[in-house]
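Structural overview
Listed below are the residues making up each chain.
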Amino acid sequence: MTKSNKNTIQEKDAVLIGAGIMSATLGIMLNQILPEASIEVFERLDEVAAESSDAWNNAGTGHSALCELNYTPELADGSVEIKKAINIAEQFEVSKEFWAQLVSKGILKNPSQFIRSVPHMSFVWGDANVNYLRKRYETMKEHHLFKGMEYSEDHQVIKEWIPLVMGGRNDDQAVAATKMDIGTDVNFGALTRCLFEYLKKQPNFKLRLAHEVRDLERLPDGRWKIEVRNSTTKRKRTIIAKFVFIGAGGGALPLLEKSDIKEGKGFGGFPVSGQWLRCTNPEVIAKHEAKVYGKAAVGSPPMSVPHLDTRIIDGKKALLFGPYAGFSTKFLKNGSWLDLPASIKINNIRPMLAAGLDNLKLTKYLIDQVRQSPDDRIEALREYVPTARKEDWELEIAGQRVQVIKKDPVHGGVLEFGTEVVSSADGSISALLGASPGASTSVSIMIKLLQKCFPEQVKGWDDKFKKMIPSYGKSLANDANLATETRRKSSEVLELQQLVEENI
């Protein structure tokens, strides 16, 4: 289906910008649904998954709302709202179901390369926080997606769960914890590389590394003219594509602005950088086996929810704490200091100013984080690991996140902390903006994107979707038996911890 002429203009059915988990997921889906379609991926760096999908840049938690307290806010009446938690838990089950099908088909060879079981825990201290976590547990345990959750306020029980966290802690301190053994650690960088390894072997698929998309222009016939430059040879190419997906992480906003679609007007970006404390003492690393999430500081972004995190990276067990937030005008870790000022346009000045005025607490929080000394970071760590020693930890730079600023009729502009899919009215171009829990919910995000961009064709794709995701078209959140069976099958194929029968 690919054509070329003496002017080196090539035609493609689809162009995907950015070689991260989103493009990899969409690429696999398109390949399974339309194997004859010509697809080309352009990545500005010389390797895949080197930005937000990389293991050191991504939290690695299989975000399923088992432990993330920012997904379960306490309401004014004192109750705990779990609707968002249910939605995210359902979406992560869909992701696992999709990955399991890819393993069964041999597309993904070894699930232990990218996913493994690690208990997910929430841990709090202080009477008010203990009361909140107790109410959260009482509410969540009634829903089938959270069956098997354990709760304790007993120091000894919690010490058995997380000895590193409880060691050296005051016996009189009020503490509480929840625990779910079916939690997961996901190396999205490894998963992305595995997906692209398969795609590169497909006849109608091309992956171009060190290729930067410089411009986008809609043609009169509705297709897209894409100008690309090889960063190594400096050679320029022109691609004509029927469909374009902008999945370039923090770099998606500038490209969306270049597309000039009206649906993209008014969007801005607020970059937040991150850092980890990385444990260097093998004895300390060996004492912890969990992802322990706490409560975020007032005014802090969701990506800054503190957690003590067991990871497997490059085949080795690692222990991280953080992330510590910061501010940078870069939209990508390997981006430019001019990214933020260059993104400011006439159509998004008002939303960005309004969002800034509404989030002064966040700005103060980021300034305080930037000003932190090494001793300040260790003090924050000691709230979770009372016996932490400065010499056992080193600073590791995490990835960049660009939070979405969008127009709002009341406030002028609001700062969003989730993900936002922006598509043209004709479905010919779509961009993904935002951050957490993006990677964990990538499968559901891409399904919705396909439904939005290909509304007519998707009606005939039901059988193909069901081969990729057997529960497609049904609700895991509403059907307990379906959710239980889906989780059981996925866990078996992915070699993950399963709920014991009495807790199902």
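Numbering of residues starts from 1 in each chain and follows the order in which that chain's sequence is written. In view of the model being predicted, local features appear only for residues whose pLDDT reaches at least 70, and side-chain atom pairs are presented and counted only at 80 or more, with totals across whole chains, interfaces and linings using the full set of residues. Note that water and hydrogens are dropped before the side-chain values are worked out from all heavy atoms of the structure.

**Describing the overall build of the protein**
Here a helix means four or more residues in a row that DSSP labels H or I, a strand means two or more in a row labelled E, and each is numbered from the N terminus. On a plain count of helices and strands, the protein comes out with 15 helices and 20 strands. Three labels apply to residues, based on accessible area from a 1.4 Å probe with only protein chains included: buried if under 20% of the type maximum, exposed if over 50%, partly exposed otherwise in between. Residues classed as buried in the protein amount to 56% of the 504 residues present. We call two residues contacting when some pair of their heavy atoms lies within 4.5 Å. Pairs at least 24 apart in sequence give 72% of the contacts found in the protein among residues at least 6 apart. Accessible areas in this description were obtained via Shrake-Rupley with a 1.4 Å probe; residue shielding takes into account the shown protein chains only. A total of about 21600 Å² of accessible surface is found on the protein, and carbon and sulfur atoms cover 50% of it.

**Looking at the side chain of His155**
Within the secondary structure layout, His155 lies in helix 4 (residues 155-161). Counting of polar contacts relies on pairs of N or O atoms within 3.5 Å, with two restrictions inside protein: one atom must be capable of donating a hydrogen and the other of accepting it, and residues adjacent in sequence are counted only when both atoms are side-chain atoms. At 2.7 Å, the side chain of His155 and the backbone oxygen of Gln173 are in polar contact. The contacts of His155, once residues within four sequence positions are left out, are Met166, Asn170, Asp171, Gln173 and Val175.

**Quick look at helix 15 (residues 480-494)**
Since there are 3.6 residues in each turn of an α-helix, residues three or four apart along the chain are aligned in direction. Taking 1.5 Å of rise per residue, 15 residues should cover 21 Å, and helix 15 covers 21 Å from first to last C-alpha, within 8% of that figure. The complete set of buried residues in helix 15 reads Leu482, Ala483, Thr486, Arg487, Ser490, Ser491 and Leu494. Along the axis of helix 15, the buried positions cluster into a sector of 150°, meaning they face one direction only. Away from its buried face, by an angle of more than 90 degrees, helix 15 presents the exposed residues Asn481 and Glu492. Where helix 15 is buried, its residues meet helix 2 (83-104) and strand 3 (115-117). Looking at where helix 15 begins, the residue whose side-chain oxygen comes 3.2 Å from the main-chain nitrogen of Asn481 is Asp479. One or two residues past the end of helix 15 sits Glu495, with phi positive at roughly 60°. Any helix carries an expected span of 1.5 Å times its number of residues minus one. This arc is taken over the directions from the axis of the helix to the C-beta atoms.

**As for the nonpolar core**
Burial of nonpolar side chains together is a common tendency in soluble globular proteins. Ranked by size, the top nonpolar core spans 83 residues in total, and within it Trp99 and Phe146 carry the most contacts. In terms of residue count, the dominant contributor to this core is helix 2 (11 residues). What Phe146 contacts, discounting residues up to four positions off in sequence, is Ser64, Ala65, Leu66, Ala85, Ile86, Ala89, Met140, Lys141 and Met180. Nonpolar core, defined: a set of buried Ala, Val, Leu, Ile, Met, Phe, Trp, Tyr and Cys residues in which side-chain atoms within 4.5 Å join the residues together. Core analysis: the second largest hydrophobic core is formed by 26 residues, Leu277, Cys279, Ile285 and Leu381 among them.

**Describing helix 1 (residues 21-33)**
For helix 1, built from 13 residues, the straight-helix expectation of 18 Å at 1.5 Å per residue is met to within 8% by its first-to-last C-alpha distance of 18 Å. For helix 1, the set of buried residues is Ile21, Met22, Ser23, Ala24, Thr25, Leu26, Gly27, Ile28, Met29, Leu30, Asn31 and Ile33.

**Here's the deal with the confidence of the model for the protein**
The predictor rates its confidence in each residue with pLDDT, a number between 0 and 100. Mean pLDDT for the protein: 86, with 80% of residues reaching 70 or above. Segment residues 1-7: pLDDT under 50, and 14 contacts once partners within four positions in sequence are set aside and those in other chains are kept.

**Examining the packing of helix 2 against helix 13 (residues 442-453)**
Convention adopted: a line fitted to C-alpha atoms gives each axis, helices being fitted over their contacting stretch, and angles between N-to-C directions are expressed from 0 to 180 degrees. Where helix 2 meets helix 13, the closest approach of the two axes is 7 Å, and the angle between their N-to-C directions is 90°. For the element pair helix 2 / helix 13, the angle class is roughly perpendicular. Taking contact as the criterion, the partners of Gln91, Val94, Ser95, Phe98 and Trp99 in helix 2 are, on helix 13, Ser442, Val443, Ser444 and Ile447. Ten residue types, Ala, Val, Leu, Ile, Met, Phe, Trp, Tyr, Cys and Pro, are classed as nonpolar, four, Asp, Glu, Lys and Arg, as charged, and the remainder, Gly among them, as polar. Per-class residue counts for the contact of helix 2 with helix 13 are five nonpolar, four polar and no charged. Throughout this description, any angle smaller than 35 degrees is read as roughly parallel, any larger than 145 degrees as roughly antiparallel, any in the 65 to 115 degree range as roughly perpendicular, and the remainder as oblique.

**Section: unusual backbone geometry**
The backbone of Ala210 sits at a positive phi, close to 55°, despite the residue not being glycine. Secondary-structure assignment places Ala210 in the loop between strand 8 (205-208) and strand 9 (211-218). Its relative accessible area of 11% is what places Ala210 among the buried residues. For Asp314, which is not glycine, the phi torsion reads 55° and is therefore positive. Within the element layout of this structure, Asp314 appears in the loop between strand 14 (307-313) and strand 15 (316-326).

**Section: the pairing of strand 8**
Only one face of strand 8 is buried, namely the one carrying Phe205 and Leu207, since none of Lys206 and Arg208 on the opposite face is buried. Alignment of strand 2 (residues 39-42) against strand 8, held across four bridges, turns out to be parallel. The partner of Glu40 across the bridge, within strand 8, is Lys206. In short, DSSP must find at least two bridges between two strands for them to pair.

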